[in-house]
Amino acid sequence: MSKHKKPQQETEPAEMKPEAEKAAAEEEVTAEQEAPAPETDPAAELQSIISKLEDDLKEAKNDVARAYADADNTRKRLAKQAEADRKYRFQQAALELLPVLDSMNLALANAPQSEETQNFVKGFEMIRTKLEDVLDKEGVKEIDAEGKPFDAATMQAVMQEPAEGVEPGTVTQVLQKGYMLKDRMLRPAMVKVSA
């Protein structure tokens, strides 16, 4: 038996040797971890943190100011768009009604002058007056062009001819009436201009 135990004792120190090395290595690592770090000034550390927080606060304030300005600009733009929509809501209807008014004016200008048609002519005149009243109520105004100097912003010259006693560039005849909706052009007046 004693022979048997001896080899075990010889193997035990061999097995313990790596464990001892391992324990020594762990002690070194622990000693390194516990070694005091190079001393830093706590006031400088706090000042660095305060400085970073102040920068973050400035950036956050700028972000809030930008967001507020964007929201305010959006609100103003939407209010302006809503006002324009209200102001010009009748534009499409007016554009569709103007040819009807033109046709009525043409029919009345060429109405037969007989007693049989007088009631029809008066009826058409009343309808035209009502239509003109509706357009006027919505802000549609006829462009006054006859005898005025040509204005390219509100008129379209389709003919030019010399006219006696008329200054060049003056509207001598309105071929198709033009209209404005408040301050917006609906349709330019088609005119003949003196040369």
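Placed above this text is the structure.
Residues numbered from 1 in each chain as written. Predicted model: local features only at pLDDT ≥ 70, side-chain atom pairs only at ≥ 80, totals over all residues. Heavy atoms only, no water.

> I keep staring at the overall build of the chain and nothing clicks. Help me out?
Counting its regular elements, the chain contains four helices and six strands. Scanning the chain from its N terminus toward the C terminus, one meets helices and strands in the order α-α-α-α-β-β-β-β-β-β. Classification of the 195 residues of the chain by burial places 17% in the buried group. A separation of at least 24 residues holds for 64% of the contacts in the chain among residues at least 6 apart in sequence. When the accessible surface of the chain is totalled, it reaches about 15400 Å², and 56% of it is carbon and sulfur. (Helix = DSSP H or I, 4+ residues; strand = E, 2+ residues; numbered from the N terminus. Buried < 20%, exposed > 50% of the residue type's maximum accessible area, 1.4 Å probe, protein only. Contact = heavy atoms within 4.5 Å. Areas by Shrake-Rupley, 256 points an atom, 1.4 Å probe, with all protein chains shown as cover.)

> Got a minute to help me understand the sheet that holds strand E5 (residues 184–187) in this structure?
Sheets are built from strands paired through backbone hydrogen bonds, the pairs being either parallel or antiparallel. Pairing is antiparallel in the open sheet, where three strands are placed in the order E1-E4-E5. Taken across any chain shown, the strands that pair with only one partner, and hence form the sheet edges, are strand E1 (140–142) and E5. The mean inter-strand angle of the sheet, taken between neighbouring strand axes irrespective of direction, is 35°. Pairing of strand E4 (residues 179–181) with E5, which is carried by three bridges, proceeds in the antiparallel orientation. Bridge pairing links leucine 181 to arginine 184 in E5. (Pairing = 2+ DSSP bridges. Axes fitted to C-alpha atoms, helices over the stretch in contact; angles between N-to-C directions.)

> What is the right way to read the packing of helix H3 (residues 91–109) against helix H4 (residues 118–137) from this model?
Here H3 crosses H4 at 150°, and the two axes come no closer than 10 Å. It follows that H3 is roughly antiparallel to H4 by the angle criterion. The chirality of how H3 crosses H4 is left-handed. On H4, the residues that touch Ala94, Leu97, Leu98, Val100, Leu101, Met104, Asn105 and Leu108 of H3 are Val121, Phe124, Glu125, Ile127, Arg128, Leu131, Glu132 and Leu135. Considered class by class, the residues forming the contact of H3 with H4 number twelve nonpolar, one polar and three charged. (Parallel < 35°, antiparallel > 145°, perpendicular 65-115°, else oblique. Left-handed = near helix turned anticlockwise from the far one by under 90°. Nonpolar A, V, L, I, M, F, W, Y, C, P; charged D, E, K, R; others polar.)

> It is not clear to me how the pattern of salt bridges should be interpreted in this structure. Could you clarify?
Within this structure, the stated rule accounts for twelve salt bridges. A salt bridge links aspartate 136 to lysine 141, with the shortest nitrogen-to-oxygen separation between them at 2.3 Å. We classify aspartate 136 as partly exposed; its relative accessible area is 40%. Residue classification places lysine 141 among the partly exposed residues on the basis of a relative accessible area of 42%. A network of salt bridges, in which partner residues are shared, links Asp72, Arg75 and Lys76. (Salt bridge = Lys/Arg side-chain N within 4 Å of Asp/Glu carboxyl O.)

> What exactly am I supposed to notice about the pairing of strand E6 (residues 189–194) here?
Strand residues, when the strand is regular, have side chains that alternate between the two faces of the sheet. Among the six residues in E6, five count as buried, and that is most of the element. Two elements, strand E2 (residues 155–161) and E6, share six bridges in a ladder whose sense is parallel. Within E6, the residue paired with glutamate 161 across the bridge is serine 194. The pairing of strand E3 (residues 171–176) with E6 spans four bridges and is antiparallel. Bridge pairing links valine 171 to valine 193 in E6.

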